[in-house]
Structure formats: structure tokens, C-alpha cells
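# Summary of the model geometry
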Amino acid sequence: MSILRSHLHRTRLLNDTWARAVDLILAGAETSALSLQRTLGLGSYRTAWRMAGIIREALRAVEWPLLGGEVEVCDVSFAQRSRALKSLWFACERRAAGGGLIQGWLGSRDVAADFGRIARRLDLTTNLVTPPSGVFRELKKMGFRQRSEPLGDADALPAASAAAAAFTSMLKARRHHGIAAASIELYLGEFIFRHNAKALGWSLAEQRRRVMTRLRAPRSSA
């Protein structure tokens, strides 16, 4: 049986404390659980660590508009950058002025399932740009317009390569030399939130409102 509860179910912390924690995390990608504990005067590091994790779950859960226009779809290898992270899929809007929306997913061994996840985040009128591999024809079978382009020096399409480099920089800023595989999706969700919120021109107040809405929203639990 599934019970609907919010991220804040049974929390003993005040909403104002959560809002302050959200502001601290949004203000800097390097914000750590230890800095949350010190700034908010929390009783234990474990409380701050759990709080940071819950907020990042909310960042990942924020919904974005469907990607449209011309969109790169490309997988990027992280084999040389992280032992925990093997590859990511990026879908990145190409815009003349830059700053298009992005989406990202952990790669799996099931390419069809990966493409299914990607397709659900794309407008059907999207023009897809992919690497020159026959496997991407599956996207055309799903009803998308698709053309291929050669890969660059980074072994990825330009926008996907830039997204991967920015994500790597965010992780390095936190001095995460070893990253648990289970944590990658949270960090990726946070990275996408930061990028897309900037692309959409959201103020800090609007970002906080969106995150607090997700924190209070019911979610399914076993």
C-alpha cells in the first residue's frame, strides 16, 4: 500500500529553518552539511546532512518545461573523471544566445529505456541532434525529427560536452574525490536545477518558492 507523505513528514524543524537552509544551498554550490549545521545552529551533523539530502531531493523533483526547438541528445563518458559515475545522458537545447534548458540522466544498460526517459522530456516538434550512430534512429521511430552531427574533441556534442564540464566543476568545487553512485542523481538534479533556474531567469525568492512547494508536496512511500 502506498502512503502519500511530504518530504517534511515528521520533521521537528520549523518551516523558517527549512527556508533558510534552502537559501543557503541555493546561494552556493559548495554549501556543505557542516556549514548548514553551523549557520542554522543545528544540534547534530547528521540532522544537517539529512536536511541537505532532502532539499536536494526536492531540487531534483522540480518539474521543467518540455525541451523544444533544436535539442542535442548525447551520452557523455565519465569513466576518467569518477569511479562511481560511468556515463550520463544529456538533452540540451541549442539557442543562439545560449542558456537553453537541459535535462540529464544516469546511463543504464538498457538504451531503449534511456531513450524512453529522454522522450518524455521532449516536445514532439523538437528537432534532435545526435551523434552519428545508428542506435539514435530509435528516437526517429518515436516520432522525432533527428539528424546526426560528428562529435567534437571531447567525444561529445558541444552543448552536452559543456554541460558535462560544468557538472564536473560543480563536483570538484565540493572536493568530492569519491562519490557514491547512490548520490550522483541528487547532485545531477541539483546541477540541472541551478542551470535551468538561471536559464528561466528565476530570482532566489522564486527558486525558494518552487523548492518549498516540492518539500511540502505529498510523495509516494512504501
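Residues numbered from 1 in each chain as written. Predicted model: local features only at pLDDT ≥ 70, side-chain atom pairs only at ≥ 80, totals over all residues. Heavy atoms only, no water.

Note on soluble globular proteins: their nonpolar side chains tend to be buried together. In this structure, I55, F90, F167, F191, F193, V211 and L215 are the most contacted members of the largest nonpolar core, which totals 45 residues. When residues of this core are traced back to their parent elements, those giving at least two are α1 (15–27), α2 (33–40), α3 (45–61), β2 (70–77), β3 (87–94), α6 (158–173), α7 (181–199) and α8 (204–216). Broken down by element, the residue count for this core peaks at 7 residues, all from α3. The contact partners of F191, leaving out residues within four places of it in the chain, are F90, I102, A163, A166, F167 and M170. (Core = buried A, V, L, I, M, F, W, Y, C linked by side-chain atoms within 4.5 Å. Buried < 20%, exposed > 50% of the residue type's maximum accessible area, 1.4 Å probe, protein only. Helix = DSSP H or I, 4+ residues; strand = E, 2+ residues; numbered from the N terminus. Contact = heavy atoms within 4.5 Å.)

With mixed pairing, the 5 strands of this open sheet are ordered in space as β4-β3-β2-β5-β6. At either end of the open sheet lies a strand with only one pairing partner, and these are β4 (102–106) and β6 (145–148). In this sheet, adjacent strand axes meet at a mean angle of 20° when their direction is disregarded. Inspection of the sheet shows β3 paired to β4 by 5 bridges, in the antiparallel sense. Bridge assignment links C92 to a residue of β4, and that residue is I102. Sheet contacts for helix α4 (residues 111–119): β2, β3 and β4; angle to β4, the most-contacted strand, approximately 155°. Strands β2 and β3 of the sheet are contacted by α6, whose axis makes an angle of about 120° with β3. (Pairing = 2+ DSSP bridges. Axes fitted to C-alpha atoms, helices over the stretch in contact; angles between N-to-C directions.)

This part is about the pairing of β3. With 6 of 8 residues buried, β3 is to be regarded as a mostly interior element. Bridge count between β2 and β3: 8 bridges; the pairing is antiparallel. Residue pairing across strands places E72 opposite C92, the latter belonging to β3.

For the rest of this paragraph, the subject is the confidence of the model for the protein. Close inspection of predicted coordinates is inappropriate in any region flagged by low pLDDT. Per-residue confidence for the protein gives a mean pLDDT of 83; residues scoring 70 or more make up 83%. Highest mean pLDDT in the protein belongs to strand β5 (residues 127–130) (93); lowest belongs to strand β1 (residues 3–6) (51). (pLDDT = per-residue confidence, 0-100.)

So, on to the pattern of salt bridges. Counted under the stated rule, the structure contains 14 salt bridges. As a salt-bridge pair, E138 and K141 come within 3.2 Å of each other at their nearest N and O atoms. With E138 and K141 both in helix α5 (residues 137–141) and 3 residues apart, this pair spans about one turn of that helix. Overall, E138 belongs to the partly exposed group, its relative accessible area being 37%. Overall, the relative accessible area of 66% leaves K141 in the exposed class. Of the charged contacts in the structure, one is a salt bridge between E206 and R210, with a shortest N-O distance of 2.7 Å. Pair noted here: E206 and R210 are both in helix α8, with a separation of 4 residues, about one helical turn. Taking relative accessible area as the criterion, R210 reaches 31% and is therefore assigned partly exposed. Look at the salt bridges and you will find they share partners, linking E70, E72, R94, R147 and E149 into a network. (Salt bridge = Lys/Arg side-chain N within 4 Å of Asp/Glu carboxyl O.)

On to α2. Taken together, the buried positions of α2 are A33, L36, Q37 and L40. What you see down the axis of α2 is that its buried residues fit within an arc of 100°, all on one side. Those residues of α2 that are buried are in contact with α1 and α3. Just beyond α2, the residue with positive phi is G41, at close to 65°. (Arc of directions from axis to C-beta.)

Before going further, it helps to examine α8. A rise of 1.5 Å per residue sets the reference length of α8, with its 13 residues, at 18 Å; its end C-alpha atoms lie 18 Å apart and thus fit the reference within 8%. Listing the buried residues of α8 in full gives E206, Q207, V211, M212 and L215. (Expected span 1.5 Å × (residues − 1).)

Right, let's talk about the environment of Q37 for a bit. Structurally, the position occupied by Q37 is in helix α2. Considering only alpha carbons, one finds Q37 and A48, 11 residues apart in sequence, at a separation of 5.3 Å. Setting aside residues up to four positions removed in sequence, Q37 forms contacts with L42, G43, S44, Y45 and A48.

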